Amino acid sequence: AAAAEAEVRLLLQEARESIEAARSYRRELQQRLRGLHLAREQIKESATLTRDVLEQHFSDLKGTLKKLLDERLLSLLQEVDVIEQESIKPLDECQKLIEHGVSTADDLLREGESAVDGDVGQQNEKLCNFTKKALHIQLDSLPEVPSLVDVPCLSAQLDDCLLTILKNQIFRHGTVASRPPVQLEEFVEKPGAILVRWCKVDEDFIAQDYRLQYRKSTAGHFEDVYVGSETEFIVLHIDPNVDYQFRVCARGDGRQEWSPWSVPQTGHTTLVPHEWTAGLEGYSLSSRRNIALRNDSQSCGVLYSKAPTYFCGQTLTFRQTVGQPDRRDSLGVCVEQRNGDDSLQRDKAVCISTNGAVFVNGKEMTNQLPAVTSGSTVTFDMEVVQLGPCSNEGGNFKLRVTISSNNREVVFDWVLDQCCGSLYFGCSFSYPGWKVLVF
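Residues numbered from 1 in each chain as written. Predicted model: local features only at pLDDT ≥ 70, side-chain atom pairs only at ≥ 80, totals over all residues. Heavy atoms only, no water.

Asker: Looking at this structure, I do not really get the overall build of the chain. What am I missing?
Answerer: In terms of regular secondary structure, the chain is built from 3 helices and 21 strands. Since a compact globule built from 439 residues should have a radius of gyration of about 22 Å, the 46 Å found for the chain marks it as more spread out than a globular shape. C-alpha atoms of the chain, sized along the principal axes, occupy 165 × 85 × 35 Å. With 439 residues in all, the chain has 28% of them scored as buried. (Helix = DSSP H or I, 4+ residues; strand = E, 2+ residues; numbered from the N terminus. Rg over C-alpha atoms; globule rule 2.2 N^0.38 Å. Buried < 20%, exposed > 50% of the residue type's maximum accessible area, 1.4 Å probe, protein only.)

Have a look at this one:
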């Protein structure tokens, strides 16, 4: 009985495992069915859109060609009118002259016949007058009439090869691509931002520029966010935990038109954006509080982040507009906020001065970076290297820090007496005009 019961339990266990495997198999099949459905919808939607684009393009092209042909025909007809009028005008003038001569000759003939057939008593006087008049008219002078070979003979010169050229060009005009030459490759979450990367999938396509667009969720229209030659871009002002759609296209080398758009893909970030602390006299903040401007106030101090939002493993980036530098200026990260300091050149902080000097816990390093320039970026990267036991009460804790500026970097270890899962960032400037964007 015990053996039979054990066999039943084994069979039940195998049956349950088979049922669970069948459920998992069904889920996988259903997921693949959804993938096939999405693929089919993408083909149908892109085919419909392509048809609409082709029909609209060729309709516009036919309208434009008809307009151009009508304009050319009108121009040629006007040219015929001008040549006709200019050529006939001297003929009309010659005709008038000849018709006047014929009229004069008719009058002279009538007068001569009357003189010859007149009375004998008046014949001598009429003949004398007629002879004088005939000599005055110069009956041997005739107007010159141009020969037919000397007058214009209009004709239309139409080259039939235009139809062949147009036919060849039309048959080569336009192509249908089964996939765009560039596609989105990767989305990397950043605090209040997304790093978007893309790549070419057509090796024969030589890209000159790329164009990245995005839109919030699936609502509204796509907007340009980047145009340039790079294959990645950090899109700022991204709301956390909200889906954004992205697409990218490219422009071939030496061409004006853009390629078809890539398949739209969705990206998001779960990281809250970096923000400066509001209300500190001496600094004005943007509406999103990610840009701080050192104003004309005489008050000085360190402007800290609103919260410790920088985590090891991330890249913290500062981009600035420069003002007048001072040796006490600082830009960096720290373990805690501390009121009363006028610089981050203190303990429990690492920073870079605007002249390029690097400070660790208030001590200046031998290695130095280039001076901070307008539009340049300063980045901080950190990874944890733990020396000893770490607890809430403290312990040996080391962070490997990399600070980069103007294509140069310094790497050092920052030893702390406590574990730090997250850090504050901060800045201090003595003179107005400095503006810092953090992301």
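We are not done yet, so read on.
Asker: I would appreciate a short explanation of the packing of aromatic side chains in the present structure.
Answerer: One pass over the structure, following the stated rule, counts 11 aromatic pairs. Relative to Phe233, the ring of Tyr226 lies with its centre 4.9 Å away and its plane at 25 degrees, an arrangement referred to as stacked. With relative accessibility at 14%, the residue Tyr226 sits in the buried group. A connected cluster of aromatic rings, assembled from ring pairs, spans Phe187, Tyr214, Tyr244 and Phe246. For Arg247, the ring lying beneath its charged end belongs to Phe222, and the centroid distance is 4.1 Å. Here the guanidinium or amino end of Arg247 rests over the ring plane of Trp261, the centre of that ring lying 4.2 Å away. (Phe/Tyr/Trp six-rings, centres within 6.5 Å; stacked < 30°, edge-to-face > 60°. Lys NZ or Arg CZ within 6 Å of the ring centre and 35° of its normal.)

Asker: So what exactly am I meant to see when it comes to the sheet that holds strand E3 (residues 207–216) here?
Answerer: In a beta sheet, neighbouring strands are held together by backbone hydrogen bonds and run either parallel or antiparallel to one another. The 4 strands are arranged E4-E3-E6-E7 in an open sheet whose pairing can be described as antiparallel. At either margin of the open sheet sits one strand with a lone partner, and together these are strand E4 (223–228) and strand E7 (265–267). Sheet twist, expressed as the average angle between the axes of neighbouring strands with direction ignored, equals 30 degrees. In the sheet, E3 pairs with E4 via 5 bridges, with the strands oriented antiparallel. Counterpart to Tyr214 in the pairing with E4 is Glu223. (Pairing = 2+ DSSP bridges. Axes fitted to C-alpha atoms, helices over the stretch in contact; angles between N-to-C directions.)

Asker: What is the right way to look at the layout of surface pockets in this model?
Answerer: The space that makes up the largest pocket amounts to roughly 1,800 Å³. As for the largest pocket, its lining consists of 38 residues, of which Thr50, Ala177, Ser259, Pro260 and Trp261 are closest to the centre. Of all elements in the fold, only helix H1 (2–116) and strand E6 (244–252) reach the threshold of two or more residues within the lining of the largest pocket. For the lining of the largest pocket, the residue count by class is 18 nonpolar, 12 polar and 8 charged. Here the second largest pocket is characterised by a volume of approximately 710 Å³. Among the elements of the structure, H1 and helix H3 (161–172) are those that each provide at least two residues to the lining of the second largest pocket. For the lining of the second largest pocket, the element with the most residues is H1, which contributes 10 residues. When its residues are assigned to classes, the lining of the second largest pocket shows 15 nonpolar, 2 polar and 4 charged. (1 Å grid on protein atoms, 1.4 Å probe; cavity = no way out; pocket = protein on both sides within 12 Å on 5 of 7 lines; lining within 4 Å. Points joined across faces, edges and corners; volume = space filled by probe spheres on them. Nonpolar A, V, L, I, M, F, W, Y, C, P; charged D, E, K, R; others polar.)

Nothing here speaks to function; it is all geometry.
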